[in-house]
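Remarks on the overall topology
One letter stands for each residue in the lines below.
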Amino acid sequence: NLVGHAWSTLQTHPVEVVYLGVITTAFTSWLQTIGQQSVSATTASAIYALDPLWGCLFAYLWLGEELGPQGLVGCFVLFFVWLYQFVTAGPLDGDVDDKKAVSSEVA
């Protein structure tokens, strides 16, 4: 049963479970929240959309993992869609509008 397996894992690997919960989940979410305060919503969403790409890149660099053809095509499509959006819309188009909206709300 799933609950029994989860409890067994928690008992046999408490440090690993705490690391996964605190460092890789809570700490990174906290850092992301801090980072998003200094950029526009447009820029933050563009960076966040590339999260799977960064995961694949670091898994390749640090863990030696490799993607199959379907995974590579997915990474290329994701990257080139982001690049197209970045080039055609401009990296600061949304930033200016977001900052104006925030400054007008404060005033």
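Think of each chain on its own: its residues are numbered from 1, step by step along the sequence as written. Owing to the predicted nature of the model, reporting of local features is limited to residues with pLDDT of at least 70; listing and counting of side-chain atom pairs is limited to 80 or more, with chain, interface and lining totals taken over all residues. To get the side-chain values, take all heavy atoms of the structure and skip hydrogens and water.

Once that is clear, we can look at the packing of aromatic side chains. The criterion for an aromatic pair is that two Phe, Tyr or Trp rings (for Trp, the six-membered ring) have centres within 6.5 Å, with stacked assigned to planes under 30 degrees apart, edge-to-face to planes over 60 apart and tilted to the rest. All told, the structure shown has five aromatic pairs when counted by the stated rule. Between Phe 27 and Trp 30, the aromatic rings sit 5.8 Å apart at their centres with planes inclined by 35°, giving tilted as the arrangement. Of this pair, Phe 27 and Trp 30 both sit in helix 2 (residues 14-36), three residues apart, which is roughly one turn of that helix. Between Phe 79 and Trp 82, the aromatic rings sit 5.8 Å apart at their centres with planes inclined by 35°, giving tilted as the arrangement. Secondary structure is summarised from DSSP: a helix means a run of H or I of at least four residues, a strand means a run of E of at least two, and numbering begins at the N terminus for each.

This brings us to the environment of Ser 38. Along the chain, the position of Ser 38 falls in the loop between helix 2 and helix 3 (41-49). When accessible area is computed with a 1.4 Å probe and restricted to protein chains, residues below 20% of their type maximum are described as buried, those above 50% as exposed, and intermediate ones as partly exposed. A relative accessible area of 62% places Ser 38 in the exposed class. Two N or O atoms count as a polar contact when they lie within 3.5 Å, although within protein this holds only if one can serve as hydrogen donor and the other as acceptor, and sequence-adjacent residues are included solely when both atoms are side-chain atoms. A polar side-chain atom of Ser 38 sits 3.0 Å from the main-chain carbonyl oxygen of Gly 35.

When the terminal C-alpha atoms of helix 4 (residues 51-63) are compared, their 17 Å separation across 13 residues agrees well with the 18 Å that a helix rising 1.5 Å per residue should span. Looking one or two places after helix 4, you find Gly 64, whose phi comes out positive at around 75°. To estimate the expected span of a helix, subtract one from its residue number and multiply by 1.5 Å.

Glancing now at the packing of helix 3 against helix 4. The axes are straight lines fitted to the C-alpha atoms, using for helices just the contacting stretch, and the angles between their N-to-C directions are given from 0 to 180°. Remark: helix 3 packs on helix 4, axes separated minimally by 5 Å, with the N-to-C direction vectors making an angle of 40°. By the angle class used here, helix 3 and helix 4 are oblique. Here Ile 47, Tyr 48 and Ala 49 of helix 3 come into contact with helix 4, specifically with Asp 51, Pro 52 and Trp 54. Looking at the contact of helix 3 with helix 4 residue by residue, the class counts come to five nonpolar, no polar and one charged. The labels follow the angle: roughly parallel below 35 degrees, roughly antiparallel above 145, roughly perpendicular from 65 to 115, and oblique for the rest. Whether two residues are in contact is decided by their heavy atoms: any pair within 4.5 Å suffices. The residue classification treats Ala, Val, Leu, Ile, Met, Phe, Trp, Tyr, Cys and Pro as nonpolar and Asp, Glu, Lys and Arg as charged. All others, Gly included, are polar.

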